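Listed below are the residues making up each chain.
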Amino acid sequence: MKMPDGGFRPAYNAQFATDTKTQLIVGVAVSNGGSDQGRLSPMVDQLCDRYCKSPGETLVDGGYSTLADIDRATRMGTTVYAPVPQPKDESRNPFEPLPTDTEHVASWRRRMGTEQAKQVYKERAATAECVNALARNRGLRQFLVRGVAKAEAVLLWFALAHNLLRATTLHAASAAT
């Protein structure tokens, strides 16, 4: 993978799908691609396979989804919340659909221009980024194994440990109320 310093080294790109209410990790994926772009559809597929239904909503960062991902996830019943990229023409409203947009992509653009969508998207920082920060603080900075399958096994072990810790915290919180 290409690194921030411009060099290339063996590396893996890990993704978590996190439940915003509980901060439980509900999906994991590992790739050796340097970009997150195009990873939304495979993650939605994984969640559909695991839970026999598509997630009602997904909150993803701007680099994670493509227009094709947004279209496909929406057709599967998932409402996508992802930032709309700034257009090259600064006079164009980024939330206005383009003539080439599909119905679902046009709907996403309009939705992301609303205050409600902006409030929903704010949840991402408190959930997904929190889980990513916890992973780093718990030592998940690099994989000490070779191969995508082994890296995914490490990530699954991490997700299991994380979810056990979260379940303990959630159980204690529910017992206190």
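Please refer to the structure placed before this passage.
Residues numbered from 1 in each chain as written. Predicted model: local features only at pLDDT ≥ 70, side-chain atom pairs only at ≥ 80, totals over all residues. Heavy atoms only, no water.

Caption draft 1: Representation of the nonpolar core in the model. Judged by nonpolar contacts, the single largest core of 21 residues is most densely connected at Leu40, Val60, Val80, Tyr81, Trp108 and Met112. Among the elements of the structure, helix 1 (40-51), helix 2 (67-75), strand 4 (79-81), helix 3 (103-112) and helix 4 (115-137) are those that each provide at least two residues to this core. Per-element tally for this core: the top contributor is helix 1, with 5 residues. Setting aside anything within four residues of it in sequence, one finds Val60 in contact with Leu40, Ser65, Val80, Tyr81, Ala82, Pro83, Tyr121 and Arg124. Residues Val131, Phe143, Ala151 and Leu155 belong to the second largest nonpolar core, which totals 12 residues. (Core = buried A, V, L, I, M, F, W, Y, C linked by side-chain atoms within 4.5 Å. Buried < 20%, exposed > 50% of the residue type's maximum accessible area, 1.4 Å probe, protein only. Helix = DSSP H or I, 4+ residues; strand = E, 2+ residues; numbered from the N terminus. Contact = heavy atoms within 4.5 Å.)

Caption draft 2: Structural detail: the side chain of Gln23. Among the secondary structure elements, Gln23 is positioned in the loop between strand 1 (13-18) and strand 2 (25-31). By relative accessible area, which is 15% here, Gln23 ends up buried.

Caption draft 3: Local environment of the layout of surface pockets. Its volume calculated, the largest pocket comes out at about 880 Å³. The wall of the largest pocket is formed by 26 residues, among which Tyr12, Asn13, Ala14, Arg141 and Phe143 lie closest to the centre. Those elements giving two or more residues to the lining of the largest pocket turn out to be strand 1 and helix 4. Broken down by element, the lining of the largest pocket gets its largest block of residues, 4 residues, from helix 4. Counted as a void, the second largest pocket has a volume near 750 Å³. Lining the second largest pocket are 32 residues; nearest its centre among them are Phe16, Ala17, Thr18, Thr58 and Leu59. Secondary-structure elements contributing two or more residues to the lining of the second largest pocket are strand 1, helix 1, strand 3 (57-59) and helix 4. Considering each element in turn, the lining of the second largest pocket owes the most residues, 7 residues, to helix 4. When grouped by side-chain class, the residues that make up the lining of the second largest pocket number 15 nonpolar, 9 polar and 8 charged. (1 Å grid on protein atoms, 1.4 Å probe; cavity = no way out; pocket = protein on both sides within 12 Å on 5 of 7 lines; lining within 4 Å. Points joined across faces, edges and corners; volume = space filled by probe spheres on them. Nonpolar A, V, L, I, M, F, W, Y, C, P; charged D, E, K, R; others polar.)

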